[in-house]
Amino acid sequence: MSRYVTISTIGPYSAIVAPELSMEEAVPIVIEHLSSKIQQVLPDQPDLIVLPELCDKPDRFTSEQKKAFYKARGNRVLNALSELARNNECYIVYPHCRELDDGTYRNSAALIDRNGRTVGYYDKNYPVVPSETESDGIVAGTDAVVLQCDFGTVGFAICFDLNYDALRRKYEMLRPDLIVFSSMYHGGLMQVYWAYSCRAHFVGAIAFEPLSTVLSPLGEQLAASTNYYDYVTQAVNLDCAVIHLDNHYDKLHQMREKYGRKVKVVDPGNLGAVLISSESNEFTVQDLMKEFDFIRIDDYLRLSEANHLETLSNKLK
């Protein structure tokens, strides 16, 4: 069935804290800053709000100041965002630097659920060397993480992670419905490639710039923040599938003839692939796959791959 989720992505500048203030005084300023940014999207009644990388780090703090701030902050920002999530019945992705029990630090993203509970954490797999690893003492994460929400599954990447195929390939195998990318850089064509190669909707929350985006599994931009507004909200349908056009032209026509507006086919052009989705509560996209014998693009591509490997094997005999 159609499975729409409303996503808000926010890319604000960091909070500015006067240098004469103590770290204890800085914490409520940061909380108020983030709360005011989130208030901008609450009229849209989002299911998910995504904040950018290290969203509670005050502007222009040195490494020593940041660590002192994190000590003073503790879980207070997390608790404030948990209350906002609970009061507004939404999920919030809270990217921040967290200290583990052993005293080491991770550049993390916490997923807070509609009840204000922390579902889990993703730790940045590829912190920048040396600025993060040496100056800030950030230890690398080692796993791709997919967390369950009531609307679907969510995978995560943070900033520099977008450069690494090893992490992307893990998500290709895990197949989350949505990839959340919290960052301080946009990633350019890598955003598009991650969305398409993972066959997932992609939401980027980019700090400092009007670059926060929502992409489809075809890599098409569905929404973006602007120089006037540092946030954007977009509803996306997660009940969808990417298929290749080969052997599907007639079947797609038959599907549209039978169901009309109850189905949707999006063709980005030039790619040879389309996105199909159920726009009805009567059936799912999986039902459509079975009824019209559609083949998901990855299964289709594997046919040619298997043929290639068989030919290669025969040649080597």
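Residue numbers run consecutively from 1 along every chain, following the written order of its sequence. Predicted model: local features are reported for residues with pLDDT of at least 70 only, side-chain atom pairs are reported and counted for 80 or more only, and whole-chain, interface and lining totals are derived from all residues. No hydrogens and no water enter the side-chain calculation; it runs on all heavy atoms of the structure.

Trainee: Would you mind going over the environment of Ala224 with me for this structure?
Mentor: Working definition: helices are DSSP H or I runs of at least four residues, strands are E runs of at least two. Numbering for both runs from the N terminus. Summarising the element assignment, Ala224 is placed in strand β11 (residues 221-224). The exposure class of Ala224 is partly exposed, given its relative accessible area of 27%. C-alpha of Ala224 to C-alpha of Gln234: the two residues are 10 residues apart in sequence and 8.9 Å apart in space. We call two residues in contact whenever any of their non-hydrogen atoms come within 4.5 Å of each other. Here Ala224 is in contact with Ser212, Thr213 and Val232, once residues within four sequence places are set aside. Each residue is placed in one exposure class: buried if its accessible area under a 1.4 Å probe, protein chains only, is under 20% of its type's maximum, exposed if it is over 50%, and partly exposed if it falls in between.

Trainee: Explain the sheet that holds strand β13 (residues 240-244) to me, please; I cannot follow it from the model alone.
Mentor: To summarise the sheet geometry, strands pair through backbone hydrogen bonds and adopt either a parallel or an antiparallel arrangement. For two strands to count as paired, DSSP must find a minimum of two bridges between them. Ordered in space as β13-β15-β14, the 3 strands form an open sheet in which the pairing is antiparallel. Two strands lie at the open edges of the sheet, namely β13 and β14 (263-266), each paired on one side alone. When strand polarity is set aside, the average angle formed by the axes of neighbouring strands in this sheet is 25 degrees. Where β13 and strand β15 (residues 273-278) come together, 5 bridges link them in antiparallel fashion. Lines fitted to the C-alpha atoms define the axes, with helices restricted to the stretch that makes contact. Angles between their N-to-C directions range from 0 to 180 degrees.

Trainee: Hey, could you run me through the packing of helix α1 (residues 23-39) against helix α3 (residues 76-88) in this one?
Mentor: Helix-helix packing is characterised by the crossing angle of the two axes and by the distance between the axes. It is at 10 Å that the axes of α1 and α3 come closest, and there the two elements cross at 25 degrees. Looking at the two axes, α1 sits roughly parallel to α3. In this structure, the crossing between α1 and α3 has a hand that is right-handed. Residues Glu24, Val27, Val30, Ile31, Leu34, Ser35, Ile38 and Gln39 of α1 form the contact with α3, whose participating residues are Arg76, Val77, Ala80, Leu81 and Leu84. Here the term charged refers only to Asp, Glu, Lys and Arg, the term nonpolar to Ala, Val, Leu, Ile, Met, Phe, Trp, Tyr, Cys and Pro, and the term polar to all other amino acids, Gly among them. Its residues placed into classes, the contact of α1 with α3 shows 9 nonpolar, 2 polar and 2 charged. In these notes the angle categories are as follows: under 35 degrees is roughly parallel, over 145 is roughly antiparallel, 65 to 115 is roughly perpendicular, and the rest is oblique. Note on convention: near helix rotated counterclockwise from far helix by under a right angle means a left-handed crossing. Clockwise means right-handed.

Trainee: Would you take a moment to explain the packing of helix α5 (residues 165-174) against helix α6 (residues 189-198) for this structure?
Mentor: It is at 9 Å that the axes of α5 and α6 come closest, and there the two elements cross at 30 degrees. Compared by their axis directions, α5 and α6 come out roughly parallel. Taking contact as the criterion, the partners of Leu167, Arg168, Tyr171 and Glu172 in α5 are, on α6, Tyr193, Trp194, Ser197 and Cys198. Looking at the contact of α5 with α6 residue by residue, the classes come out as 5 nonpolar, 1 polar and 2 charged.

Trainee: What's the story with the pairing of strand β3 (residues 91-99) in this structure? I'm lost.
Mentor: The side chains of a regular strand alternate between the sheet's two faces. Counting buried positions along β3 yields 8 of 9 residues, so the element is predominantly enclosed. The pairing of strand β2 (residues 48-50) with β3 spans 3 bridges and is classified as parallel. Pairing of Ile49 across the sheet is with Ile92, part of β3. Where β3 and strand β4 (residues 105-112) come together, 8 bridges link them in antiparallel fashion. Residue pairing in the sheet places Tyr94 in a bridge with Ala110 of β4. Linking β3 to β4, which pair antiparallel, is a turn of 5 residues; within it Gly103 sits at a positive phi near 90 degrees.

Purely spatial values, then, with no claim about function.
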